[in-house]
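Residue strings, one per chain:
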Amino acid sequence: MRALAFAVPPPPSEATESLRGEVREFLAVELAHRTPQQRAASWSARDPAFSRKMAERGWIGMTWPKKYGGHERSALERYVVLEEMLAAGAPVGHHWVADRQSGPNLLRYGPEGQRQAILPRIAAGQCSFCIGMSEPDSGSDLGAARTRAQRVQGGWLVNGTKVWTSGAHVADYMILFCRTGARAETDRHAGASQFIVDMAQARRGGVTVSPIIDMRGAHHFNEVAIRDLLLPEDALLGAEGDGWKQVTGELAFERSGPERFLSAFTLLVEAVRALGPEGSERAAVAVGRLTQHIMMLRRLSRSVAGMLQAGEDPALQAALVKDLGNVLEQETAEVVRLLVDIEPDHEAGEPLAAVLGELVLTAPSFSLRGGTREILRGIIARGLGLR
Ligand SMILES: Cc1cc2nc3c(=O)[nH]c(=O)nc-3n(C[C@H](O)[C@H](O)[C@H](O)COP(=O)(O)OP(=O)(O)OC[C@H]3O[C@@H](n4cnc5c(N)ncnc54)[C@H](O)[C@@H]3O)c2cc1C
């Protein structure tokens with residue numbers, strides 16, 4: 001068995017801690033009237049006005065070059081902003097995917113014209129992205145994607161269906177993963193490419209976005225039917241056939257951040273508030289255990305931020321952070337349910353009942369979105385040399 005190495009995360013610096021103070025002051029004002037239930041939605045909640053305010057502070061596209069609207073700050077400074085936003089339950093969903101993975105992907109592989117046109121808009125909080133990976137018969141097995149882009153005069157003609165596409169009904173762009181060539185016998189990941197799809201244009205012709213209502217009754221994700229959608233030449237992201245390599249790099253960004261262990265943080269805060277300082281010893285032990293797990297995951301996740309900063313490939317470490325983080329998030333809902341005598345009800349007026357209701361309904365999805373538990377454990381096992 002091989003060892004799985006995590007670098008020691010860099011200690012807090014004056015720069016990161018003064019930034020933390022600035023972010024907390026901003027949030028104290030901006031979130032003053034947000035209810036606990038609204039906070040619980042955090043990175044799933046979209047508020048373009050809030051994103052623009054963050055952008056004015058320079059907190060979107062933080063690590064990108066200034067010439068693309070970025071701010072050339074470190075990955076660890078960016079981490080401070082992310083964790084403070086999530087811990088406070090800020091509605092960061094409008095820019096989240098674009099800032100986390102689509103922007104960095106574009107920065108790395110995008111044609112110069114697309115970089116200049118799109119990145120400054122993301123950094124200004126004016127642009128949102130969705131992820132077109134999963135298909136009706138290929139979620140985990142992305143290599144089996146059947147949506148196909150065919151070279152035609154002046155561009156590419158795309159046909160296929162994507163599913164579970166979060167925010168496709170409101171996003172400005174999609175990064176589409178699809179087939180442009182044949183799957184080779186020796187390499188089942190060959191022949192795939194990525195494209196940038198202008199969703200506003202596509203929704204007017206070539207793409208039909210239909211809502212899928214989740215079990216909480218909310219419209220979050222969609223089915224996206226693509227029929228003879230014509231994309232221009234420069235919609236190709238990176239090199240033709242390099243889609244698999246690009247998408248796996250993108251997934252490291254998608255899996256390693258603090259959103260993978262802080263989705264239930266508001267619930268923990270509300271539970272501690274309800275239990276009060278005189279809670280039972282059983283409650284103190286349970287809360288202490290959850291808190292200690294959060295601190296351990298924060299250390300691992302900050303280590304991955306350090307690896308990204310150093311230009312290393314943390315795909316394996318990211319899979320571990322996401323899997324352990326999802327276990328903790330789902331366990332939080334269960335532990336709180338056993339500690340308090342309150343019926344979960346996401347429509348209740350009482351804050352803890354509402355947040356608990358919210359989490360009971362959303363937590364099952366945490367270990368599906370961004371890659372399922374079984375797939376992540378397969379990646380970890382392979383990385384450890386166990387399969
Ligand atoms: C809230 C939410 C938001 C999402 N947003 C997006 C989005 O924006 N864009 C997008 O592209 N997708 C999105 N997804 C889809 C998500 O990434 C997929 O659901 C996920 O990859 C699983 O694919 P599937 O649903 O097709 O399940 P399947 O791949 O059919 O898997 C079904 C079950 O079989 C298991 N399984 C599959 N293959 C193996 C294997 N080889 N070994 C062991 N077990 C296996 C899986 O772990 C799972 O438990 C979202 C999902 C959720 C829940």
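See the structure printed just above.
In short, a report on the structure.

**Observations concerning helix α3 (residues 48-56)**
In an α-helix there are 3.6 residues to a turn, and that puts residues three or four apart on one side.
Part 1 of the reasoning: Here α3 has its buried residues at Phe50, Ser51, Met54 and Ala55. Take α3 and look down its axis: the buried residues cluster within an arc of 145 degrees, on one side only.
Part 2 of the reasoning: Residues of α3 that are buried in the fold lie against α1 (14-30), α4 (75-88), α5 (93-109) and α6 (112-123).
Part 3 of the reasoning: Glycine 58, located one to two residues past α3, shows a positive phi value of around 85 degrees.

**What about the packing of α4 against helix α10 (residues 281-309)?**
Part 1 of the reasoning: Viewed as axis vectors pointing N to C, α4 and α10 meet at an angle of 140 degrees, and their least axial separation amounts to 9 Å. Note on packing geometry: the crossing formed by α4 with α10 is right-handed. The segment α4 lies against α10, with Ala75, Leu76, Tyr79 and Glu83 engaging Arg298, Ser301, Arg302, Ala305 and Gln309.

**Notes on α10**
Part 1 of the reasoning: Taking 1.5 Å per residue, 29 residues should reach 42 Å; α10 reaches 42 Å between its end C-alpha atoms and fits that length.
Part 2 of the reasoning: Where α10 ends, the next residue or the one after it, glycine 311, has phi of about 75 degrees, a positive value.

**Structural notes on the site of the ligand**
Part 1 of the reasoning: By nearness alone, 16 residues border the ligand, and Ser134, Ser140, Trp164, Thr372 and Glu374 come closest of all.
Part 2 of the reasoning: A distance of 2.9 Å separates a nitrogen atom of the ligand from a polar backbone atom of tryptophan 164.
Part 3 of the reasoning: Serine 166 places a polar side-chain atom, nitrogen or oxygen, 2.8 Å from a nitrogen atom of the ligand.
Part 4 of the reasoning: A class-by-class count of the residues in the shell around the ligand yields 6 nonpolar, 8 polar and 2 charged.

**Some remarks on the pattern of salt bridges**
Part 1 of the reasoning: Across all of its chains, the model carries 22 salt bridges by this definition.
Part 2 of the reasoning: A salt bridge links glutamate 83 to arginine 20; the nearest nitrogen and oxygen atoms lie 2.9 Å apart. Here arginine 20 lies in helix α1 and glutamate 83 lies in helix α4, a separation of 63 residues in the sequence. This pair shows no difference in class: glutamate 83 is buried, exactly as arginine 20 is.
Part 3 of the reasoning: Here aspartate 323 ties to arginine 373 by a salt bridge, and the two come within 3.6 Å at their closest N and O atoms. Of this pair, aspartate 323 sits in helix α11 (residues 315-339) while arginine 373 sits in helix α13 (residues 373-383), and the two are 50 residues apart along the sequence.
Part 4 of the reasoning: With a relative accessible area of 6%, aspartate 323 lands in the buried category.
Part 5 of the reasoning: On the basis of relative accessible area, arginine 373 is assigned to the partly exposed category, the value being 21%.
Part 6 of the reasoning: When salt bridges that share partners are traced, they join Glu17, Arg20, Arg24, Glu83, Glu84 and Arg298 into one network.

About the thresholds
- Residues numbered from 1 in each chain as written.
- Predicted model: local features only at pLDDT ≥ 70, side-chain atom pairs only at ≥ 80, totals over all residues.
- Heavy atoms only, no water.
- Buried < 20%, exposed > 50% of the residue type's maximum accessible area, 1.4 Å probe, protein only.
- Helix = DSSP H or I, 4+ residues; strand = E, 2+ residues; numbered from the N terminus.
- Arc of directions from axis to C-beta.
- Contact = heavy atoms within 4.5 Å.
- Axes fitted to C-alpha atoms, helices over the stretch in contact; angles between N-to-C directions.
- Left-handed = near helix turned anticlockwise from the far one by under 90°.
- Expected span 1.5 Å × (residues − 1).
- Near = heavy atom within 4 Å.
- Polar contact = N/O pair within 3.5 Å; in protein donor to acceptor, adjacent residues only side chain to side chain.
- Nonpolar A, V, L, I, M, F, W, Y, C, P; charged D, E, K, R; others polar.
- Salt bridge = Lys/Arg side-chain N within 4 Å of Asp/Glu carboxyl O.

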